[in-house]
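What the coordinates show
Next come the chains, spelled out residue by residue.
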Amino acid sequence: MAKPNFNGPKAVIEIRDLVKIYHLGEVDVRALDGVDLTVNEGEFVAIMGPSGSGKSTLMNIIGCLDRPTSGTYVLDAKDVSRMSRDQRAIIRNAKIGFVFQSFNLLARTSALENVELPLLYADFDGSTRDRKQAARDALHRVGLEGREANHPSQLSGGQQQRVAIARALVTSPAIVLADEPTGNLDSRTSLEIMGIFQDLNDSGKTIVLITHEPDIARHAKRIVHVRDGKIQQDERIMQDRIARKGIEAPIAPVAR
Amino acid sequence: MRNSIVRLGNITVVGLKSIARNKMRSLLTALGIVIGVACVIVSVAIGAGVAQSVSEMINSLGSNFIMVMPGTSTQSGARMFTGNSTLTEEDAEAIKREAPAVGYVSPNTRTAAQVIAGELNWSTSIQGVGVEWPNIRSWNIDEGSFFTEGDVRSGAKVAVLGKTVADNLFPSGGAVGSIVRIKNVPFKVVGVLEKKGGSMMGSDQDDLIIAPYTTVMKRLSGQSKIGMIIVSAASAEQVQDAMDQMDALLRQRHRIPPGGDADFMMRSQEEMAQANAQQVGLMRNLLLGIAIVSLAVGGIGIMNIMLVSVTERTREIGIRMAIGARGRHVLLQFLFEAVTLSVLGGLLGVLFGVGVAKLIERVIKWPIVISPQAIIVAFVVAATIGIFFGFYPARKASKLDPIDALRYE
Ligand SMILES: Nc1ncnc2c1ncn2[C@@H]1O[C@H](COP(=O)(O)OP(=O)(O)OP(=O)(O)O)[C@@H](O)[C@H]1O
Ligand SMILES: [Mg+2]
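Let us look at the structure shown here. Just so you know, the residues in each chain are numbered from 1, in the order the chain's sequence is written. The lettering of chains begins at A and the numbering of ligands begins at 1, in the order of writing. Only residues with pLDDT of at least 70 are given local features in this predicted model, and only at 80 or more are side-chain atom pairs given and counted; all residues enter the totals for whole chains, interfaces and linings. To get the side-chain values, all heavy atoms of the structure are used, and hydrogens and water are removed first.

**Some thoughts on the overall build of chain A**
As a reminder of what qualifies: A helix here means a DSSP run of H or I that spans at least four residues, while a strand means a run of E at least two residues long, and both kinds are numbered starting from the N terminus. Using C-alpha atoms as the atom set, the radius of gyration is obtained and then compared with a globule rule of 2.2 Å times the number of residues to the power 0.38. Buried, partly exposed and exposed residues are distinguished by accessible area as a fraction of the type maximum, computed with a 1.4 Å probe on protein chains only: under 20%, between the cut-offs, and over 50%, respectively. In these tables, accessible area is a Shrake-Rupley quantity obtained with a 1.4 Å probe, and a residue counts as shielded only by the protein chains included in the view. Counting rule for charge: Lys and Arg are taken as positive, Asp and Glu as negative, and neither His nor the chain ends is counted. Lysine's charge is taken at NZ, arginine's at CZ, aspartate's at CG and glutamate's at CD.
A tally of regular secondary structure across chain A gives 8 helices and 10 strands. Since a compact globule built from 256 residues should have a radius of gyration of about 18 Å, the 18 Å found for chain A is in line with a globular shape. Principal axes of the C-alpha set define a box for chain A whose edges measure 50 × 45 × 45 Å. Counting every position in chain A, which comprises 256 residues, the buried fraction comes to 54%. A total of about 11,800 Å² of accessible surface is found on chain A, and carbon and sulfur atoms cover 48% of it. Counting 34 positive and 33 negative side-chain charges, chain A places the averaged centre of each group 2 Å from the other.

**Examining the packing of helix α10 (residues 314–322) of chain B against helix α11 (residues 327–363) of chain B**
Residue and element names in this part refer to chain B. This is how the line gets drawn: Here, axes are lines fitted to C-alpha atoms. For helices the fit covers the stretch in contact, and angles between N-to-C directions go from 0 to 180 degrees. By definition in this entry, angles of less than 35 degrees are roughly parallel, angles greater than 145 are roughly antiparallel, angles of 65 to 115 are roughly perpendicular, and the rest are oblique. Left-handed describes a crossing whose near helix is turned anticlockwise from the far helix by less than a right angle; the clockwise case is right-handed. Should any heavy atoms of two residues lie within 4.5 Å, those residues are counted as being in contact.
Between α10 and α11, the shortest axis-to-axis distance is 10 Å and the interhelical angle comes to 140°. The orientation of α10 relative to α11 falls into the category oblique. Where α10 crosses over α11, the two elements pack in a sense that is right-handed. Between α10, through E316, I317, R320 and M321, and α11, the contact on the second element is made entirely by V330, Q333 and F334.

**A few points about helix α12 (residues 372–398) of chain B**
Residues and elements named next belong to chain B. Stated precisely, the cut-off is as follows: Residue count minus one, scaled by 1.5 Å, sets the expected span of a helix. What is called the bend at a residue is the angle between a pair of axes, fitted to the seven residues leading up to and ending at it and to the seven starting from it.
Taking 1.5 Å per residue as the helical rise, α12 with its 27 residues ought to reach 39 Å, and the 37 Å between its terminal C-alpha atoms agrees with that figure. Of all bends in α12, the biggest is about 45°, found at F391, and the proline P393 comes one to four residues later. Buried within α12 we find A374, A378, A382, I385, G386, F389, G390, P393, A394, A397 and S398.

**A word on the pairing of strand β8 (residues 179–182) of chain B**
All names here are of chain B. Worth spelling out the cut-off: The pairing criterion is simple: DSSP has to find at least two bridges between the two strands.
By the alternation rule, side chains of β8 split into V180 and I182, which are all buried, and I179 and R181, of which none is buried. Bridge count for strand β4 (residues 102–117) against β8 is 2 bridges, and the pairing is antiparallel. If you follow I116 over to β8, its bridge partner there is R181. Hairpin connection of β8 to strand β9 (residues 185–193): 2 residues between the antiparallel strands, including K183 at a positive phi of 45°.

**Re the layout of surface pockets**
Operational definition: Every definition here rests on a 1 Å grid over the protein atoms only: cavities are sets of points where a 1.4 Å probe fits but cannot get out, pockets are open sets enclosed by protein on both sides within 12 Å along at least five of seven lines, and lining residues have some atom within 4 Å of a point. Grid points are joined across faces, edges and corners, and a volume is the space filled by probe spheres set on the points. Each residue gets one of three labels, nonpolar for Ala, Val, Leu, Ile, Met, Phe, Trp, Tyr, Cys and Pro, charged for Asp, Glu, Lys and Arg, and polar for the others, Gly among them. These domain limits were set by an automatic method or by a database of domain assignments.
In this structure, the largest pocket encloses a volume near 610 Å³. B:M57, B:L61, B:R110, B:R137 and B:Q205 are, among the 25 residues lining the largest pocket, the residues nearest its centre. Secondary structure elements with two or more residues in the lining of the largest pocket: α2 (23–59), β1 (65–70), β4, β5 (120–129), α4 (133–137), β11 (203–204), β13 (228–233) and α9 (269–312) of chain B. A per-class count over the lining of the largest pocket returns 13 nonpolar, 8 polar and 4 charged. Both domains that furnish three or more residues to the lining of the largest pocket are identified here as domain 1 (2–56 + 275–407) and domain 2 (72–262) of chain B. Empty space within the second largest pocket amounts to approximately 510 Å³. What lines the second largest pocket is a set of 20 residues, and nearest its centre among them are A:S56, A:F100, A:D179, B:L406 and B:R407. Taken together, the elements giving at least two residues each to the lining of the second largest pocket come down to α1 (55–62), β6 (96–99) and β7 (175–179) of chain A together with α13 (402–407) of chain B. Top element by residues in the lining of the second largest pocket is α1(A). It accounts for 4 residues. For the lining of the second largest pocket, the residue count by class is 9 nonpolar, 6 polar and 5 charged.

See the structure below:
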């Protein structure tokens, strides 16, 4: 079903006429009402929209945590819209990296162990040492070398979110999904996190993130506006905005 | 194949970490199993110890031993003793004379008294018996000699001391030839029995004095009838014959028609052993019942805590599912955790149970036998309980919806 696109970019996410209806007693809530969305490899998409517009619902389906009521969803050339629980778990493990607003790290578990966790559930052929090395490399990518042994309670919010990003990266997924990743962070730390996402995207990672804040969304390359379960507007950002530049703004220069 | 083993190992590690993180709670959770398994260990140890010491005790009665007691046996097999003994020394003599399958015969009458030797005194049981007593009980004389037929006939004031009595009254030796006073009657010590050793529930077999039954009846107990008659069959094959012959003879002598209620009853060594085995079996079943109840309670405790744990860790389960844990991963994690808890509980229970059993042996002086089988069984039972009672909470965890679980506060 993937679009045969000669020499064009490869589609990672292809969503057609997606509908999600929640049944609340007598009332049917159409959380998604016919969404079409294609995300190509290497894109950095921000999904915006008012509260209750269906952003998280869309994200849960893209992340294979949930199934649509109708419509199709092809992820990385595989139709995942009718998959069973276990099949979706395997897809989540192999193809998707999640970053949540509330970090969702395991408490009383070191940063390294948190990052290792997805590999424990994977068809990971390597030894324990390989696994630890992969986790260490992922932590290194988000700038957390030296913090491997820290527990979440011993890390700042920004650092915790970096651990979560490292955990999302460790399986080399096809897409990284982030639902309001900066919602619990101050603006400076938010920019740091966006900087990491930009770095990842520069190195080829496909990223989809949800945010309320236009300032955050502007660091993506494309903004999709959702309203009442429909895509209302889809815009490309032409002018690159480097998150790190924001941090290095004149008000608070930071030695790096 | 290799992958699935690795994965199983990984899940195992995941479960172990959760337990290590909640040490105190894990311990409290396992407490029910600890107590249940300790119960199993202690009860089996006591049961086995009692069984062993009872069989030792019965074997130490001598070989082919038969006891003839006054009283009737009811239909249920219980013994009823209705007042005075009906057995006489003439009965004993008649058995000796007329029952060919009987080897040795001795009247046996008993009383308890305080025995004084010089400054020392000792309370013990006095057994009045005939000269064939050592043959029946296969009990040898260590020092001196047993009393004679003449001593029995004349009611001589002679006594043979059990080893414990001799050691207590004559700590520096020289018992033979000395005088002991039993109820103020002076008895001359003619011999000391060899040590039998072995005690049954704290009672010491060597704590007794043997004297001619005539003397005991006349001087000490004042009874005219002998308490019971002890007999050994001529051979192991003739035990039943001996019992049949004695039954016929005593019925005839006591003028009891065949089929009528006899005023005496008999027990062979084998019957006593069986009765005891039955009693021990009963006790074991009772203890087993207690153990089953406590293990079930322990299992329910594990189920309860695992359910609490699943609820508390709903978010953790959601995170694990979001990053790729399948239902069976979560199921295995919680199942493994429950089994680890129960097996750790089993381990503590074995240690605790062995400790308690040893304490019982030291303090109450009950015999104890700790068998490796009991320990293995306790472990297997603990693991099974972990699987059985851990399954429901683990399944519940594995069926959680990842989105709901992630949203759980
Ligand atoms: N499990 C559910 N059961 C019933 N209704 C639901 C459920 N989840 C979401 N909804 C409804 O679906 C609609 C979309 O919800 P969704 O969480 O996707 O919104 P959102 O855009 O993420 O909002 P926010 O910005 O506040 O996070 C809302 O009306 C919500 O009430
Ligand atoms: Mg939302």
